[in-house]
Amino acid sequence: MSRDIPSLIPAFHALREAASPAVLCTIVETDGSTYRKAGARMIIDADGNYHGILGGGCFEGDLVERSREVLASGQPAVVEFDMRGDEDLIWGLGLGCNGLVRLLLQPLDTGNAYQPVTWLCEAVTALRPVAIATGISGSLLGRSLAVDHTGSHNFGIDPHAQPELTRLCKTLLAGGSPRSFDAGGAGRLFVDIIPRQHHLLIVGAGPDAVPMARTAAALDWRVTVCDHREQSAGTGFFPAAVRQVHCAPEALASAVDLESVSAALLMTHNFVADVGFLKSLSGSPPAYAGLLGPTARRKALLDELSAGQRAALEGRIRGPVGLNIGGDSPASIALAAIAEIHAILEQADAASLDGRQVRAG
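Computed from a predicted structure; not experimentally measured.

Quick look at the side chain of Thr-118 now. Relative to the elements of secondary structure, Thr-118 occurs in helix H4 (residues 117-125). Side-chain polar atoms of Thr-118 contact the side chain of Arg-16, separated by 3.4 Å. With near-sequence residues (within four places) excluded, Thr-118 lies in contact with Phe-12, Arg-16 and Ala-113.

Below, the structure is given as structure tokens:
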């Protein structure tokens, strides 16, 4: 499961508009310690420029050469980088991953209409989760079937296999993880889940909202900034990709598709406005609703809501927002808040990965 597609969209659109060929590189299997896992993607263009990261530098140079071979032949290929073995030798070469990575390389050009990436970009842009099955061996190699709520979309799979494969993709889309499996004598398939892009709604366009938006945008989240004031101190400083909306609190549902919002941060620094926006959010509550300010302010805001509105937001309200990482600068506050949101949306515990509790000193 990977969220790489949003980060690849700008480069992909530029390549397609220029009718320049490229190669889609997808990790389909791993074993041992690897920088990225199955489902991670990058695009390599005809000049050897790569967009995205798969190996942290371990094998990208060689992957560029393999991609040139794919572009020359016009045929998909599977390549393998086995970095297991003598640890001293591996570290001496500067690799250090100590794992195996198997990748599928698919040519993208005008001849195949840059599919299936063209369709994937459209689905991701529309905030649709996707399951995509792609052949990684045999006669299935490089052929794909993608499924979302609009139906199944065939990119070279045998039509007779489409119904069964569609059912499998729908099952995994409803709650599953990437997997590879044998498809009889036709070869092996890799089925990946591309989840819906996270959408952060920031309510309040003050200067402290700018680092919030920048941090979320750096993660390739969809970001919308809404304010009840026509002009705010941060208005001209948000990243270009951030959508800015002006509306009254009671009109929030008309200005923003709240069903698409994964998380919201209320930071207008205006109590009355925050109450109004919070009431609007209760009609379609996101997984996370963060309230800037102390616990007492959170309680006072919730006291202004009806019992039904409070019930709708139960378990979703956070305030004060963020993880305790120290620091009180706008950038530190943004990092703490976005880290907490990231952990909740990805259902992670935000613990230190080495198993030790983080302590000062």
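Right, let's get into the pattern of salt bridges. Scanning the model with the defined rule gives 14 salt bridges in all. Ionic pairing is found between Lys-299 and Asp-303, a salt bridge with its closest N-O pair at 3.3 Å. With a gap of four residues between them, Lys-299 and Asp-303 both fall in helix H9 (residues 295-303), about one helical turn apart. Lys-299 sits in the exposed class, given a relative accessible area of 52%. Where salt bridges share partners, they join Glu-29, Glu-80, Arg-102, Asp-182 and Arg-188 into one cluster.

This part covers the side chain of Asp-227. Summarising the element assignment, Asp-227 is placed in strand S12 (residues 222-227). Residue classification places Asp-227 among the buried positions, given a relative accessible area of 3%. One polar contact links the side chain of Asp-227 to the main-chain amide nitrogen of Ala-205, over a distance of 2.6 Å. Discounting chain neighbours no more than four positions away, the residues touching Asp-227 are Gly-204, Ala-205, Gly-206, Ser-232, Val-245, His-246 and Cys-247.

Mapping Asp-4 onto the fold places it in the segment before helix H1 (5-17). Accessibility expressed as a relative area gives 12% for Asp-4, which makes it buried. For the pair formed by Asp-4 and Ala-40, sequence separation is 36 residues and the distance between their alpha carbons is 6.4 Å. Residues contacting Asp-4, with those up to four places away along its chain left out, are Arg-36, Gly-39, Ala-40 and Arg-41. Side-chain polar atoms of Asp-4 contact the backbone nitrogen of Arg-41, separated by 2.7 Å.

Let's shift gears to helix H8 (residues 271-282). If you check H8, its first and last C-alpha atoms are 16 Å apart, about what twelve residues at 1.5 Å a residue would give, namely 16 Å. Buried residues dominate H8, accounting for nine of its twelve residues. Those residues of H8 that fall on the buried side of the exposure criterion are Ala-273, Asp-274, Val-275, Gly-276, Phe-277, Leu-278, Ser-280, Leu-281 and Ser-282. At the N-terminal end of H8, a side-chain oxygen is found 3.1 Å from the backbone nitrogen of Val-272, two or three residues along, and the residue is Asn-270.

Looking now at unusual backbone geometry. Cis rather than trans, the peptide bond between Gln-115 and Pro-116 has omega equal to 10°. With respect to the helices and strands, the residue Pro-116 is situated in the loop between strand S5 (99-108) and H4. Look at the link from Gly-319 to Pro-320: it is a cis peptide, with omega at 0°. Summarising the element assignment, Pro-320 is placed in the loop between strand S16 (317-318) and helix H11 (330-345). With a phi angle near 60°, Tyr-114 is a residue other than glycine that sits in the positive phi range. Within the chain, His-269 stands out as a residue other than glycine whose phi angle is a positive 60°. In this structure, His-269 sits in the loop between strand S14 (263-266) and H8. The class of His-269 is exposed, set by a relative accessible area of 56%.

Calculation criteria
Residues numbered from 1 in each chain as written. Predicted model: local features only at pLDDT ≥ 70, side-chain atom pairs only at ≥ 80, totals over all residues. Heavy atoms only, no water. Helix = DSSP H or I, 4+ residues; strand = E, 2+ residues; numbered from the N terminus. Polar contact = N/O pair within 3.5 Å; in protein donor to acceptor, adjacent residues only side chain to side chain. Contact = heavy atoms within 4.5 Å. Salt bridge = Lys/Arg side-chain N within 4 Å of Asp/Glu carboxyl O. Buried < 20%, exposed > 50% of the residue type's maximum accessible area, 1.4 Å probe, protein only. Expected span 1.5 Å × (residues − 1).

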